[in-house]
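So you can see what is in the structure, the chains are spelled out below.
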Protein chains: 4
Amino acid sequence: MTARPTSELQQQFYDVIFGTESPTGKWFDIALIATILSSVLIIMLDSIEGLHLAYGDLFWRLEWIFTLLFTLEYMVRVWCSPNRKAYVLSVYGVVDLIAILPTYLALLFPVASSLLIVRLLRILRIFRVLRLVSFMSEANILAGALRRSTRKIVVFFSMMMVITVIFGCLIYVVEGPANGFNNIPVSIYWAIVTITTVGYGDIVPVTALGRAISATGMLIGYAIIAVPTGIITAELASGMRGAPRSNRNCAQCARAGHELDARYCKYCGTDLPSLSKTGNN
Amino acid sequence: MTARPTSELQQQFYDVIFGTESPTGKWFDIALIATILSSVLIIMLDSIEGLHLAYGDLFWRLEWIFTLLFTLEYMVRVWCSPNRKAYVLSVYGVVDLIAILPTYLALLFPVASSLLIVRLLRILRIFRVLRLVSFMSEANILAGALRRSTRKIVVFFSMMMVITVIFGCLIYVVEGPANGFNNIPVSIYWAIVTITTVGYGDIVPVTALGRAISATGMLIGYAIIAVPTGIITAELASGMRGAPRSNRNCAQCARAGHELDARYCKYCGTDLPSLSKTGNN
Amino acid sequence: MTARPTSELQQQFYDVIFGTESPTGKWFDIALIATILSSVLIIMLDSIEGLHLAYGDLFWRLEWIFTLLFTLEYMVRVWCSPNRKAYVLSVYGVVDLIAILPTYLALLFPVASSLLIVRLLRILRIFRVLRLVSFMSEANILAGALRRSTRKIVVFFSMMMVITVIFGCLIYVVEGPANGFNNIPVSIYWAIVTITTVGYGDIVPVTALGRAISATGMLIGYAIIAVPTGIITAELASGMRGAPRSNRNCAQCARAGHELDARYCKYCGTDLPSLSKTGNN
Amino acid sequence: MTARPTSELQQQFYDVIFGTESPTGKWFDIALIATILSSVLIIMLDSIEGLHLAYGDLFWRLEWIFTLLFTLEYMVRVWCSPNRKAYVLSVYGVVDLIAILPTYLALLFPVASSLLIVRLLRILRIFRVLRLVSFMSEANILAGALRRSTRKIVVFFSMMMVITVIFGCLIYVVEGPANGFNNIPVSIYWAIVTITTVGYGDIVPVTALGRAISATGMLIGYAIIAVPTGIITAELASGMRGAPRSNRNCAQCARAGHELDARYCKYCGTDLPSLSKTGNN
């Protein structure tokens, strides 16, 4: 990403809008969070019929104020970015655009009012602000544990998928359309509702055998809820314990992953560089 | 907090009422717990219509007895505190006041009977007594783990909030008011009911797409329930593991990792330095 | 417990009935488990009206056969116990008696047929057999973790109790008897149903504020489900990690609990006996 | 398993169909997964009445195409296996056969259309492919943790069984057939639904005592959900942590705790003894 030469003013705006260190930047972030949440709140309230009838016009005007504010912000972001193309095509850039487009589109195609729901994706913009603040290191630990767990979680969900398909078919054969299990997809939906212990109760087994199968499914669900928990917990614990690992590389063999208290490379016996400053947690 | 000079009698009352070591203090604590729980029980029973009609007068008299007892206790607490202002303004002081005020207010403003519910906050007084007993060290470990997890939990709940908003909007667009998803706040309520695996079943999806979205939400909820568990578990485990190990090194063989209660080096049998002050945890 | 001199025959019966090492003792245990489960199954089937009408007489005869078998077994147990009083008054002895008494009492007082349900406590006898077999060491690890967690769990449930009382009162004030929250105990029942994520859906909030309160309660329940899990997990993990502890006692001070890699008693500095063979896990 | 001499062509087919290293083998696996999932999808869609009426014939033709494909694959697998009998009798061989038989049987016995559900067991074939790919090491960690937990889980489920039986009987006595608790098996079904926190709401207690018993059951369920989680988590964590540490001591400085892949002492740089055989866990 090659930086374009930027003027002094652009640099100042950039520090306030994209940065978080300066006091002005912090106030900007707080104002942005407040604006995003207010905007989302207005959209939600507008969906309540009573309020829509009473205050629909007011909501519509507020919506336009928010949209114009976000549009202005978007234009300033583009203007002051050192690399405009990179910003516009980044995830955050796209989310910023999605936050303002629907209101304009609703002007052109009045029928597409359900498209207005897309505006709620504005809430994703919250992450832009959170990204900047100090909660990020915590989020990184969580994200790291989730990333390292990905493969185990995939294996686990493949297993879950197979279990729910099998239970769905069993209950479909046993209970059948007469008791609300109209077809296999519905029965699998029931199996997911049951095994995840949600238990709506909109579709329930009524025969003795069906109830026995359900009970088995529940106990299995109750037991295997332990598996993802175990995976994440073990990764999180090792992630938190893992802190002592330093980022030093051996000068001889270039391998990393040495423990904090290691003074010699465990692979080739060479002296390791001393630890100057490690910012662990 | 500068202590006011107190008379011998005040000191004795203070030891009984605020303290927990003396036998009289212990009996006072037990009597206090019994009174609080009886008082709360009476309020609950009084809310049952049948019992209110039959025994309403008795309940009202008992309520006045409890209120007078708590008032007396409150006055003695104020009287014997070395620092009265600090007590009255402390959390416990405020809770003690809240426990007695509603009954008096109900005399002045008879209409405010729903205010009587506030009396149930008396149950918070239980914590005052628990604070004094030995369960406190356990509670401290729990509280410590929760405090250290706070930032991770905040990140987690921000993520949850965004997920429930997105699922709420999706289901609102897909199912709509015709199927009970009247507006976005109701749909978000449904999303929370679903993702936390509560699953009342008062609002359920009926279309195939809505059910597919629900099933996805449930599986996500099932998987991410692991995250707070992992956070707390990892913190609790590190809190419990952290304590017993001291940082002492053996003077003879220089090895560390001795347990807190060890007096001799387990590797070479030499005396270990005594534990002066270890700031663990 | 002073042992009474027992005859050869009594000793033999004792080994078969109370012991588990001999082949005959193992077969006796398996037969006992089968009898207990059959007996429990019969009681369950008899509670189904259709089966009771068709096979009630058969069930009653089978019940008497089981009762006579258990009576015989109980008498033999008493007869061959080295310390009869200790057996009769032990938990297992009482459960053994409870397993047979109801059937006889039902003869004397025919009206007390609901008392027959007590026979289902026979299922507790399963534990007697499990106690003897090798699953016991696993159960001990679980029981140990639960015992060490007791105080934390008590603190946790006190917190839960207070939370459910507060949520129950809030919802009672907000929703009221008009929406099914008839009184405070019912509202607390609802709060427990919600916070434990069971979510029957028999009582649900219908006002916007009530739903917001519910959603908050669910999220709290979802978060604090992590606390007992964390407690038990941390204890279990430390219980399993504790395995490296050997059973060696110091010859000098007789204290145990030394780590596997310890060569000197950490309390008095004496040489520890060397580890010949440790059957860990 | 003695290998039969195979021709060059058989060996090539074997590498593609059973192997996963060659590029062709990878493409075969991907095609196989796609075919299995399409086939399962068709069966599910066919169970929806509307789609069955409109596209039943198309589905039936597609089903035959899939069946013929799987038949062909099965025959090739048998043909190119070095040990045909071992393949046919292996779990995978049986599942491969079950995946194709029902369609042929439905031709012979048209009445047995519910037998067609058995075709859904095709989904088990997914595991054949997963077995070959790199997710296997993750699955092994999970399977290892589950296997080591088996005995604890058995103890736990015995405890659960006893608890659900006791709660089922209690509620049956308290609520009785008048409130939907028709017999003991149904009451036990209710107890499982409640204690696993599924909470359908099809059978709910209505008396005050019944609700108190339910609430107790829920709190117990809420607490003991921690137990399997703790078991699996502790095993997973020890599975992930346990492997890397060896029991070797440095010959120079005698310190231990070196990782499995370390060849030099990380404290003093001396060569570590090579790992001959470490029986950890």
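Sequence order as written defines the numbering, with residues in each chain counted from 1. As they are written, the chains are lettered A onward and the ligands numbered 1 onward, keeping that order. Residue-level local features of this predicted model are given only where pLDDT is at least 70; pairs of side-chain atoms are given and counted only at 80 or more, and the full residue set underlies all totals for whole chains, interfaces and linings. To obtain the side-chain values, all non-hydrogen atoms of the structure were used and water was disregarded.

*Asks:* Give a detailed account of the overall build of chain A, specifying residues and quantitative values.
*Replies:* Under the DSSP-based scheme used, a helix requires at least four consecutive residues in state H or I and a strand at least two consecutive residues in state E, with every element numbered from the N terminus. Looking only at helices and strands, chain A has 11 helices and zero strands in total. Along its sequence from the N terminus, chain A presents helices and strands in the succession α-α-α-α-α-α-α-α-α-α-α. Relative accessibility under 20% of the residue-type maximum defines a buried residue, over 50% an exposed one, and the middle range a partly exposed one, all with a 1.4 Å probe and only protein chains included. Across the 281 residues of chain A, 45% fall into the buried class. Note that accessible areas follow from Shrake-Rupley with a 1.4 Å probe, and for residues the cover is restricted to the protein chains shown. When the accessible area of chain A is evaluated, it comes to approximately 13500 Å², of which 67% is carbon and sulfur surface.

*Asks:* Please give an account of unusual backbone geometry that cites residues and values.
*Replies:* One non-glycine residue, Thr197(B), lies in positive phi territory at about 65°. Structurally, Thr197(B) can be placed in the loop between α9 (184-195) and α10 (208-224).

*Asks:* Account for the pattern of salt bridges, with residues named and values stated.
*Replies:* We define a salt bridge as a contact between a side-chain nitrogen of Lys or Arg and a carboxyl oxygen of Asp or Glu at a distance within 4 Å. Per the stated rule, a full pass over the model turns up 20 salt bridges over all chains. Asp96(A) is the partner of Arg125(A) in a salt bridge, and the nearest nitrogen-oxygen pair spans 2.8 Å. You can see Arg125(A) sitting in helix α7 (residues 125-132) and its partner Asp96(A) sitting in helix α5 (residues 91-98), a full 29 residues away along the chain. Comparing Arg125(A) with Asp96(A) shows no difference in burial state: the two are buried. The salt bridge partner of Asp96(B) is Arg77(B), with a shortest N-O separation of 3.9 Å.

*Asks:* Mind laying out the UniProt feature "transmembrane region" (unreviewed entry) in chain A, listing which residues take part and the relevant values?
*Replies:* Residues and elements named next belong to chain A. UniProt positions are given in the numbering used here, feature names are shortened, and annotations may be inferred rather than shown by experiment. The sites that UniProt annotates as "transmembrane region" (unreviewed entry) are residues 27-46, 58-79, 91-117, 129-147, 153-174, 186-213 and 219-238. From the first C-alpha to the last, residues 186-213 spans 16 Å; its make-up is 57% helix and 0% strand. A distance of 29 Å separates the end C-alpha atoms of residues 219-238, which is 95% helix and 0% strand.

*Asks:* Residue-level account of α10(B), with values.
*Replies:* Helix length check: α10(B), at 17 residues, gives a terminal C-alpha distance of 24 Å against a target of 24 Å (1.5 Å per residue), a fit within 8%. Among the residues of α10(B), Gly210(B), Arg211(B), Ile213(B), Ser214(B), Ala215(B), Gly217(B), Met218(B), Gly221(B), Tyr222(B), Ala223(B) and Ile224(B) are the ones counted as buried. Here, expected helix span is obtained from the residue count minus one, scaled by 1.5 Å.

*Asks:* Give me the lowdown on the environment of Phe167(C), citing residues and values where you can.
*Replies:* Positionally, Phe167(C) belongs in helix α8 (residues 136-174). What makes two residues a contact is simply this: any of their non-hydrogen atoms within 4.5 Å. Beyond its immediate sequence surroundings of up to four residues, Phe167(C) is in contact with Trp190(C), Ala191(C), Ile195(C), Ile213(C), Thr216(C), Gly217(C) and Ile220(C).

*Asks:* Just give me the short version of the nonpolar core, but keep the residues and values in it.
*Replies:* Buried Ala, Val, Leu, Ile, Met, Phe, Trp, Tyr and Cys residues that are joined via side-chain atoms within 4.5 Å together make up what is termed a nonpolar core. Ranked by internal contacts, the top residues of the largest apolar core, which has 246 residues, are Ile184(A), Ile184(C) and Ile184(D). Contact partners of Ile184(C), with chain neighbours within four places excluded, come to Ile43(B), Met44(B), Ser47(B), Ile117(B), Leu120(B), Cys169(C) and Tyr172(C).

*Asks:* Please provide a residue-by-residue account of the environment of Asp46(B), values included.
*Replies:* Residue and element names in this part refer to chain B. Among the secondary structure elements, Asp 46 is positioned in helix α2 (residues 23-46). With a relative accessible area of 21%, Asp 46 lands in the partly exposed category. For the pair Asp 46 and Phe 59, spaced 13 residues apart in the sequence, the C-alpha separation amounts to 6.6 Å. For Asp 46, the contacting residues outside a window of four places in its chain are His 52, Gly 56 and Phe 59. Pairing of N or O atoms within 3.5 Å defines a polar contact, subject to two protein rules: one partner must be a possible hydrogen donor and the other a possible acceptor, and residues neighboring in sequence count only if both atoms are side-chain atoms. At 2.7 Å, the side chain of Asp 46 and the side chain of His 52 are in polar contact.

*Asks:* Describe the packing of aromatic side chains, listing the residues and the values that go with them.
*Replies:* The rule is short: rings of Phe, Tyr and Trp, with Trp giving its six-membered ring, pair when the centres are within 6.5 Å, and they are stacked under 30 degrees, edge-to-face over 60, tilted in between. Going through the model one piece at a time under the given rule, you end up with 36 aromatic pairs over all chains. Between Phe18(A) and Tyr87(A) the ring centres are 5.6 Å apart and the planes differ by 90°, which places this aromatic pair in the edge-to-face class. One end of the pair, Phe18(A), is in the loop between α1 (8-17) and α2 (23-46); the other, Tyr87(A), is in helix α4 (residues 84-89), with 69 residues separating them in the sequence. Comparing Phe18(A) with Tyr87(A) shows no difference in burial state: the two are buried. Ring plane angle 75° and centroid distance 5.5 Å describe the contact between Phe156(B) and Phe157(B), whose orientation is recorded as edge-to-face. Take Phe156(B): its relative accessible area is 0%, and that puts it in the buried class. It is Arg77(B) that lies over the ring of Phe18(B); its NZ or CZ is 5.0 Å from the centre. In our convention, an over-ring charge means Lys NZ or Arg CZ found within 6 Å of a ring centre and within 35 degrees of that ring's normal.

*Asks:* I'd like a rundown of a nonpolar patch on the surface, residues and numbers included.
*Replies:* All names here are of chain A. Only residues whose relative accessible area exceeds 30% and that form no salt bridge are eligible for patches; like-charged ones are grouped when within 9 Å, while nonpolar side chains (Val, Leu, Ile, Met, Phe, Trp, Tyr) are grouped when within 5 Å. Residues Trp 60, Leu 97, Leu 101, Leu 105, Leu 107, Leu 108 and Phe 109 make up a contiguous nonpolar surface patch of roughly 650 Å² in combined accessible area. Residue contributions to the nonpolar patch peak at four residues, all from helix α6 (residues 101-108). The topology assignment puts Leu 97 in helix α5.

*Asks:* Quick rundown of the environment of Gly50(C)? Include the residues and the values.
*Replies:* Tracing the chain through its elements places Gly50(C) in helix α3 (residues 49-80). Along the sequence, Gly50(C) and Asp15(C) sit 35 residues apart, while their C-alpha atoms lie 43 Å from each other.

*Asks:* Outline the domain arrangement of chain A, listing residues and values.
*Replies:* Each assigned domain of chain A is listed here: domain 1 (8-135) and domain 2 (143-241). Where each domain begins and ends follows an automated or database-derived domain assignment. The centre of domain 1 of chain A, based on its C-alpha atoms, is set 38 Å off from the matching centre of domain 2 of chain A.

*Asks:* Would you mind going over helix α5 (residues 91-98) of chain C in detail, with residue names and values included?
*Replies:* Taken together, the buried positions of α5(C) are occupied by Gly93(C), Val95(C) and Asp96(C). One face of α5(C) carries all of its buried residues, which in axial projection span an arc of 165°. Read the arc as the range of directions from the helix axis to the C-beta atoms.

*Asks:* Would you mind going over the side chain of Thr164(B) in detail, with residue names and values included?
*Replies:* All names here are of chain B. Tracing the backbone through its elements, the reader meets Thr 164 in helix α8 (residues 136-174). Overall, the relative accessible area of 5% leaves Thr 164 in the buried class. Those residues within four positions of Thr 164 in sequence are excluded, and the remaining contacts are Ile 188, Ala 191, Ile 192 and Ile 195.

*Asks:* So what's going on with the packing of α3(C) against helix α6 (residues 101-108) of chain C? Which residues, and what values?
*Replies:* Residues and elements named next belong to chain C. Where α3 meets α6, the axes come as close as 9 Å, and the angle between the chain directions of the two elements is 125°. It follows from the interaxial angle that α3 and α6 lie oblique. The chirality of how α3 crosses α6 is left-handed. Each of Trp 60, Glu 63, Trp 64, Thr 67, Leu 68 and Thr 71 in α3 lies in contact with α6, whose residues at this interface are Thr 103, Tyr 104 and Leu 107. Tallied by class, the residues present in the contact of α3 with α6 amount to five nonpolar, three polar and one charged. Axis lines are fitted through C-alpha atoms, for helices just across the contact stretch, and the angle between N-to-C directions can take any value from 0 to 180 degrees. If an angle is under 35 degrees, it is roughly parallel; if it is over 145, roughly antiparallel; if it lies from 65 to 115, roughly perpendicular; otherwise it is oblique. Handedness of a crossing is defined here by the sense of rotation of the near helix relative to the far one, left-handed for an anticlockwise turn of less than a right angle and right-handed for a clockwise turn. Each residue is assigned to one class: nonpolar for Ala, Val, Leu, Ile, Met, Phe, Trp, Tyr, Cys and Pro, charged for Asp, Glu, Lys and Arg, and polar for all the others, Gly among them.

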